[in-house]
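Read off the chains here:
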Amino acid sequence: MSDGAKRTMQAYVELLAEDPEATSALAIARGRLAAGRRLTAVKRVRVFELSGPLPSRAEVEALLHRSTRFYNPAKERCTVRAGEREPAPFQRDEALVLVVDRGLERRPAGERWWKHETGEKVEVREGTVWALAFEPGEDAAARAAELAEVRDRRHGLFANPHFQDWRPGEGATPPWPWLERPRKRGKESGS
Amino acid sequence: MSGARVAVVQFPGVNCEAETVRALECAGLETELFRWTRPPRELAAFDAYVLPGGFSWQDRVRAGALAAKDPMLDELAARAADGAPVLGICNGAQVLVEAGLVPGNGGGELPHVEVALARNRMPERTGYHTRWAWCRVEDSPCVFTRGLEPGTLLPLPVAHGEGRFAAAKKGRVEALAEAGQAPLRYSRPDGAIAEAFPDNPNGSEAAVAALCNPRGNVMALMPHPERAATLGQVGRAIGGSWGERRERAFAAADGSAFADGPGMAFFHGLARHLAGNA
């Protein structure tokens, strides 16, 4: 049970099987976008950030596992990160692009479920992380920034700036917190 | 038939192609389904283009985002620049917006993406939403609403999870509407512009249901006119003159339920435009 102290935890959810969204994103970025020519891999991971009076990591993992509001354990795996120095399921050389729908990051259904199960009021936010790996020697952060924001049909892919924000990250320890940060426009936060 | 040829451009995951072809043929247009496996250059043989609804590429990454990068869009952009009509319905609208063809105000052959079709914003609910919505025809140069008086009300079905016209710059969508680039806006049954859900079914800025380019030959339309192509398809809850016509048609039991429904207006508008250009 929670001791009442406010905590933050991040839950990273990825498909166990090959992810068709990531496969298509890789194919389109490599084939159609100049910034994606030297892309070697794309991984898509959904991320939930929970903040409030959370119980222990083990209890959070158990709650997430049994809820239908966060992920499906039969086809997805979940990695809970309980602190800034804890690893996330990314490689050190991957450039990360977090995409959130502006003003719609909160997940009321998840928050209601948490309240119902634990009696605690917890904020739940959700976004999508695109982890991008490039050929050696490529400026991964710069290319990821170019791929992040759509400008026209030849430039950008992952976020439409007219309703989405994006935030950069790198390596196995993404920003902490990441979704709860004060909101900025994608271009400003990424450059 | 007018002699004009229309291509219904199908990407994988599109699922409204058959009824779209049928509606175009009912408007007297020679129509061909053009699948994504064909060379894009073959599009040049057609006079107009319709991108139907569905889920192109399963909505991967974002609705319309992947199809917008397809080489087919380069060809469609070139044909649109020459004045050929291009209509995107629902997912087709999302593709046109993600490709920058709508509203298409800047960037020449490679127009900037100026707006988005964002996730629906609805009270107490999220996700996919379907209902009949009243749409008001606005004064615009759009070829698809040619022949319709501004103020005309059409009941049309909407069915989408991402149908909210939005722009990063506050007031941008409203400015487009004021400039005549919103041929259709959600309204109340009495014709007043919809101010809130459910009349505005997705929270679209300025209650915009469709946007077109300044020239009026490319339109991104969120409602599904092909699902309102006959009187018999008009929803039971729809009142007003369309509801009365529907009731009379069913009462007559003489086949008049297959007469033109409100959605045919756009396909007839296209046929009139193409006939005028012939």
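Residues numbered from 1 in each chain as written. Chains lettered and ligands numbered in written order. Predicted model: local features only at pLDDT ≥ 70, side-chain atom pairs only at ≥ 80, totals over all residues.

1. Description of the sheet that holds strand 1 (residues 7-15) of chain A
In any sheet, the strands associate via hydrogen bonds between backbone groups, in a parallel or an antiparallel arrangement. All names here are of chain A. Pairing is antiparallel in the open sheet, where six strands are placed in the order 3-1-2-5-4-6. Because the sheet does not close on itself, it has two edges, and the strands there are strand 3 (76-81) and strand 6 (164-170). Neighbour-to-neighbour, the strand axes of this sheet turn through a mean angle of 25°, independent of strand direction. Where strand 1 lies against strand 2 (residues 39-52), seven bridges are found, and the strand directions are antiparallel. When the bridges of strand 2 are listed, Met9 appears paired with Leu50. Against the sheet, helix 2 (residues 57-66) makes contact with strand 1 and strand 3, and its axis sits at roughly 155° relative to strand 3, the strand it touches most. (Pairing = 2+ DSSP bridges. Helix = DSSP H or I, 4+ residues; strand = E, 2+ residues; numbered from the N terminus. Axes fitted to C-alpha atoms, helices over the stretch in contact; angles between N-to-C directions. Contact = placed C-beta atoms within 7 Å.)

2. Observations concerning the nonpolar core
Buried together is how nonpolar side chains tend to be arranged in soluble globular proteins. Counting residues in each nonpolar core, the largest one holds 143 residues, and the members touching the most others are A:Val97, A:Leu132, A:Phe158, B:Leu96, B:Ala210, B:Leu211 and B:Leu270. No other element matches helix 6 (residues 264-277) of chain B, which puts seven residues into this core. When residues no more than four places from it in sequence are discounted, the contact partners of B:Ala210 are B:Ala182, B:Pro183, B:Leu184, B:Met219, B:Ala220, B:Leu221 and B:Met222. (Core = buried A, V, L, I, M, F, W, Y, C linked by C-beta atoms within 7 Å. Buried ≥ 20, exposed ≤ 12 C-beta atoms within 10 Å, placed from the backbone.)

3. Here we look at the sheet that holds strand 1 (residues 5-10) of chain B
Residues and elements named next belong to chain B. The nine strands lie next to each other as 2-1-3-4-11-10-9-6-7, forming an open sheet whose pairing is mixed. Here the strands that pair on one side only, and so sit at the sheet edges, are strand 2 (30-35) and strand 7 (153-160). Taking each pair of neighbouring strands and ignoring which way they run, the sheet shows an average axis angle of 25°. Alignment of strand 3 (residues 48-51) against strand 4 (residues 86-89), held across three bridges, turns out to be parallel. Considered in strand 4, the bridge of Leu51 is made with Gly88.

4. Focus: helix 1 (residues 20-32) of chain A
All names here are of chain A. Between the first and last C-alpha of helix 1 there are 18 Å, a value that for 13 residues agrees with the 18 Å anticipated at 1.5 Å per step. Residues of helix 1 that are buried: Ala22, Ala25, Ile28 and Ala29. All buried residues of helix 1 fall inside an arc of 135° around its axis, so they share one side. Close packing links the buried residues of helix 1 with strand 2, strand 5 (123-134) and helix 4 (140-148). (Expected span 1.5 Å × (residues − 1). Arc of directions from axis to C-beta.)

5. Here we look at helix 2 (residues 71-81) of chain B
Residues and elements named next belong to chain B. Of all the residues in helix 2, the buried ones are Met72, Leu73, Leu76, Ala77, Arg79 and Ala80. Projected down its long axis, helix 2 shows its buried positions confined to an angular sector of 165°, all on one face. Check the buried side of helix 2 and you find it contacts strand 1, strand 3, strand 4 and strand 11 (218-221). Following helix 2 by one or two positions, Gly83 adopts a phi angle in the positive range, close to 105°.

6. Describing the environment of B:Ser256
Residues and elements named next belong to chain B. Here Ser256 is to be found in the loop between helix 5 (240-252) and helix 6. Ser256 gets classed as partly exposed once you count the C-beta atoms within 10 Å, which come to 16. Once the C-alpha coordinates of Ser256 and Arg60 are considered, the two residues, 196 residues apart in sequence, prove to be 41 Å apart.

7. Side note on the interface of chain B and chain A
Counting residues at the interface gives 25 residues for chain B and 19 residues for chain A. Taken together, the residues that form the side of chain B that touches chain A break down as 16 nonpolar, four polar and five charged. (Nonpolar A, V, L, I, M, F, W, Y, C, P; charged D, E, K, R; others polar.)

8. Describing the confidence of the model for chain A
Counting all residues, the mean pLDDT for chain A is 92, and 94% of those residues have values of 70 or more. Here residues 186-191 of chain A scores under 50 on pLDDT; set against residues more than four positions off or in separate chains, the count is 15 contacts. (pLDDT = per-residue confidence, 0-100.)

9. Some details on unusual backbone geometry
Residue A:Pro177 is bonded to the preceding A:Trp176 through a cis peptide linkage, with omega at -15°. Note that A:Pro177 resides in the loop between strand 6 and helix 5 (186-190). The step from B:Val102 to B:Pro103 runs through a cis peptide bond, and the omega angle for that step is 0°. When you line up the elements, B:Pro103 lands in the loop between helix 3 (91-98) and strand 5 (116-118). In this structure, B:Val61 is a non-glycine residue whose phi angle is positive, near 70°. Mapped onto the secondary structure, B:Val61 falls in the loop between strand 3 and helix 2. A residue is classified by how many C-beta atoms lie within 10 Å of it, and B:Val61, with 27 of them, is buried. The backbone phi angle of B:Ala206 is positive, close to 55°, even though this residue is not glycine. The residue B:Ala206 is located in the loop between strand 9 (184-187) and strand 10 (208-212) in this model.

10. Observations regarding the environment of A:Gly169
Residues and elements named next belong to chain A. Among the secondary structure elements, Gly169 is positioned in strand 6. C-alpha of Gly169 to C-alpha of Ala95: the two residues are 74 residues apart in sequence and 6.3 Å apart in space. Look past the residues within four positions of Gly169 in its chain and what remains in contact with it is Leu96, Leu98, Pro174, Pro175 and Trp178.

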